[in-house]
Amino acid sequence: MGKFINQMFFTLLFVGLFGAWVFAQSGGTFQIEKSVIAAGGGSSAGDQFSVDGTIGQSVAGITSTGGAFSLAGGFWGGTASAAPIARTKFDFDGDGKTDESVFRPSDNVWYLNRSQAGFAGYQFGTAGDLITPADFTGDGKTDVAVFRPSTGSWFILKSEDGTFYGANFGTNGDIPAPGDFDGDGKADLAVFRPSTGTWFLQRSTAGFSAVAFGTNGDMPTLGDFDGDGKTDVAVFRPSSGVWYRLNSSNGSFFGVQFGVTGDKVVPADYTGDGKTDIAVWRPLSGTWYILKSEDGSFYGAAFGTAGDLPVPGDYDGDGKTDIAVFRPGDGNWYEQRSSSGFAATHFGTTGDKPTPGAYVN
């Protein structure tokens, strides 16, 4: 009888340990709860994401990707695994897709063609303001926002309740460069001061920081180039076509020559590996050049024409940034979506500023 009980326990142990990890869980919006022998387990919840669990390591032993979510669990070790919070840029309704949207300087109105929530319009800003859309509140939706150079003031319209707030951070001549520099899922107020080559960051969790990085004539570039979930301090030097950055993961310095004078810098994650790719758009030829972060190779694609404005974004929600342009002359959007293919949409008019091009230099 004792032998039978021991065999039964071994069978249950084998199934409990190995049956729980053979299958990966993936799909749309859902929640997974898993329990295993020896006090392991945990709860994984969030937006669209996938989770692979492997025996002998934490539940999130490999990369977990998707929308706004957190993942905590453990197996044997009992420790938590935190996944970087990835936000889709220029996503005003939080569905994981970049929205076609414009700011009209003539009446200071934002017009949003939200992919899930539909049309919306907001009068927000005044003449001379610079548009600075980002998710400042961490709710997964991009907030309508402006920076007023004359006073160094930021004004942010909160997506969750329609209220707004203002903050003084910066001065006339600064270039607004908001990003999630501390990795808490909220965009931080930040400016680059060309006159001194200094970044000033008001991080929502980690507090104030000033970083000397760059020189007069450099242009700030925004992105998480090392894939640690934090925006890196980085610049592009038009005079030499060189990109310089400080990796937030380890403080190391990186520089690479990519682009020529006259190119528009369009860094984004075009390959879906969780790292921002160095990229430029060449107005004279309408060609995109993208340096792949995973292997250092590059590719080019002709998309757009002289006079277009580059507006890269994840328009189909597959986790990869799509090459796209806005044509100011007729208010048309042209998008080469990485999963759903080519799309053309009319939204806007002459003189409008497309919000996905807010940080294109």
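(A) Broad picture of the overall build of the protein chain. Counting its regular elements, the protein chain contains one helix and 30 strands. Counting only contacts in the protein chain whose residues sit at least 6 apart along the sequence, the fraction spanning at least 24 positions is 32%. Per element, the accessible surface of the protein chain, about 16400 Å² overall, is 55% carbon and sulfur.

(B) Representation of the pairing of strand E8 (residues 109–114). Most of E8 sits out of view: five of its six residues are buried. Counting the residues between successive antiparallel strands, the hairpin from strand E7 (residues 100–104) to E8 contains four residues, one of them, Asn108, with a positive phi of roughly 55°. Bridge analysis of E8 against strand E9 (residues 118–123) gives six bridges, and the strand direction is antiparallel. Note that in E9 the partner of Tyr111 across the bridge is Gly121. With antiparallel pairing between neighbouring strands as the criterion, E8 and E9 make up a hairpin whose turn holds three residues.

(C) Expanded view of the pattern of salt bridges. Enumeration according to the criterion identifies ten salt bridges in this entry. Among the ionic pairs, Arg104 bridges to Asp352, the shortest N-O distance being 2.8 Å. Taken together, the residues Arg104 in strand E7 and Asp352 in the loop between strand E29 (341–346) and strand E30 (353–354) connect sequence positions 248 residues apart. The exposure class of Asp352 is buried, given its relative accessible area of 4%. Close ionic contact of Arg327 with Asp308 constitutes a salt bridge, the shortest N to O distance being 2.7 Å. You can see Arg327 sitting in strand E27 (residues 323–327) and its partner Asp308 sitting in the loop between strand E25 (298–302) and strand E26 (309–310), a full 19 residues away along the chain. Its relative accessible area of 26% is what places Arg327 among the partly exposed residues. Taken together, the shared-partner salt bridges connect Glu100, Glu335 and Arg337 into one network.

(D) Quick peek at the environment of Ala134. Tracing the chain through its elements places Ala134 in the loop between strand E10 (130–131) and strand E11 (144–148). Note: C-alpha distance between Ala134 and Leu189 (55 residues apart in sequence) is 9.9 Å. Leave out the neighbours within four places in its chain, and Ala134 touches Thr142, Asp143 and Ala187.

(E) Inspection of the packing of aromatic side chains at higher detail. Using the criterion set out here, one finds 20 aromatic pairs in the structure. Pairing Tyr244 with Phe253 gives two aromatic rings, centres 5.9 Å apart and planes at 25°, and the pair type is stacked. Taking relative accessible area as the criterion, Phe253 reaches 52% and is therefore assigned exposed. For the ring pair Trp281 and Trp288, a centre distance of 6.4 Å and an interplane angle of 55° mean the geometry is tilted.

(F) Fine view of the side chain of Thr142. Tracing the backbone through its elements, the reader meets Thr142 in the loop between E10 and E11. By relative accessible area, Thr142 is classed as buried at 5%. Only 3.2 Å separates the side chain of Thr142 from the backbone nitrogen of Phe90, close enough to count as a polar contact. Setting aside anything within four residues of it in sequence, one finds Thr142 in contact with Thr88, Lys89, Phe90, Asp91, Phe92, Pro133, Ala134, Asp135 and Ser159.

(G) Quick peek at the sheet that holds strand E14 (residues 175–176). Here we have four strands laid out as an open sheet, ordered E14-E15-E16-E17, and antiparallel in their pairing. One side of each edge strand has no neighbouring strand; the edge strands of this open sheet are E14 and strand E17 (207–212). Sheet topology places strand E15 (residues 189–193) next to strand E16 (residues 198–203); five bridges connect them, and they run antiparallel. Looking across to E16, one finds that Ala190 is bridged to Leu201.

(H) Focus on the sheet that holds E26. Spatially, E26-E27-E28-E29 is the arrangement adopted by the four strands of the open sheet, whose pairing is antiparallel. Each of the sheet's edge strands pairs with one partner strand only, and the pair in question is E26 and E29. With two bridges connecting them, E26 and E27 associate as antiparallel partners. Counted as the bridge partner of Leu309 is Phe326 from E27.

(I) Molecular detail of the confidence of the model for the protein chain. Counting all residues, the mean pLDDT for the protein chain is 83, and 76% of those residues have values of 70 or more. Low pLDDT, under 50, characterises residues 1–81; the predicted model gives this stretch 107 contacts beyond four residues in sequence or across chains.

Criteria and cut-off values
Residues numbered from 1 in each chain as written. Predicted model: local features only at pLDDT ≥ 70, side-chain atom pairs only at ≥ 80, totals over all residues. Heavy atoms only, no water. Helix = DSSP H or I, 4+ residues; strand = E, 2+ residues; numbered from the N terminus. Contact = heavy atoms within 4.5 Å. Areas by Shrake-Rupley, 256 points an atom, 1.4 Å probe, with all protein chains shown as cover. Buried < 20%, exposed > 50% of the residue type's maximum accessible area, 1.4 Å probe, protein only. Pairing = 2+ DSSP bridges. Salt bridge = Lys/Arg side-chain N within 4 Å of Asp/Glu carboxyl O. Phe/Tyr/Trp six-rings, centres within 6.5 Å; stacked < 30°, edge-to-face > 60°. Polar contact = N/O pair within 3.5 Å; in protein donor to acceptor, adjacent residues only side chain to side chain. pLDDT = per-residue confidence, 0-100.

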